[in-house]
Amino acid sequence: MARVMVSTRRMGGLINDLLALARVSQTQLQPEEVSLSDMAEGVVQQKRLRDPAHEVQVQIEPGLVAQCDPRMARIVLENLLGNAWKYSARAAQPHIELVGLTPTADGLPRFMVRDNGAGFEMTRADRLFKPFSRLHQPTEFQGSGIG
């Protein structure tokens, strides 16, 4: 019975992730100027409230701004910072950064989330953005592979 309950919860989580992916892919983009620094601070605050035992040093560069859809930017930051949070759980001194990079040749801003977490083998990088494709074993880290 316990295995059935665990499987049922996992299936419910997968269904919710599929529905969220469908909603995101059908959303009309409405770009505006967004403070990614402020948004990232809010995401990190939520992570700290949900997981107070996980002590992480987080550095967010001030003044990071982008012209983007704020809902999509929030989803991106929640996924990137959430993955950094999750995969740094086993690091001795977890550290996460959000920084700005040199703009592209045509002037578009670039940003980077960096952490000292588990990482992944570069031979598997082609699977990185495929929905439900995991780069670690489910026994190592929880998740559905949608983030």
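Preceding this paragraph is the structure being described.
I will try to describe carefully the structure that is included in this document.

Reading guide: rules and limits
- Residues numbered from 1 in each chain as written.
- Predicted model: local features only at pLDDT ≥ 70, side-chain atom pairs only at ≥ 80, totals over all residues.
- Heavy atoms only, no water.
- Pairing = 2+ DSSP bridges.
- Helix = DSSP H or I, 4+ residues; strand = E, 2+ residues; numbered from the N terminus.
- Axes fitted to C-alpha atoms, helices over the stretch in contact; angles between N-to-C directions.
- Contact = heavy atoms within 4.5 Å.
- Buried < 20%, exposed > 50% of the residue type's maximum accessible area, 1.4 Å probe, protein only.
- Patch = residues over 30% accessible without salt bridge, like charges linked within 9 Å, V, L, I, M, F, W, Y side chains within 5 Å.
- Areas by Shrake-Rupley, 256 points an atom, 1.4 Å probe, with all protein chains shown as cover.
- Salt bridge = Lys/Arg side-chain N within 4 Å of Asp/Glu carboxyl O.

## Here we look at the sheet that holds strand 4 (residues 95-101)
Here is step 1: With mixed pairing, the three strands of this open sheet are ordered in space as 2-4-5. Either end of the sheet is taken by a strand with one partner, and the two such strands are strand 2 (57-60) and strand 5 (110-115). The sheet shows a mean angle of 15 degrees between the axes of neighbouring strands, direction not considered.
Here is step 2: Along the sheet face, helix 2 (residues 36-50) touches strand 2, strand 4 and strand 5 and points at about 165 degrees away from the line of strand 2.

## What to know about the environment of Ala89
Here is step 1: Looking at the element boundaries, Ala89 is found in the loop between helix 3 (70-87) and strand 4.
Here is step 2: In this structure Ala89 comes out as partly exposed when scored by relative accessible area, which is 44%.

## Focus: a nonpolar patch on the surface
Here is step 1: Together, Met1, Val4 and Met5 make up an exposed nonpolar region whose accessible area comes to about 350 Å².
Here is step 2: Structurally, the position occupied by Val4 is in helix 1 (residues 2-25).
Here is step 3: For Val4, a relative accessible area of 49% puts it in the partly exposed group.

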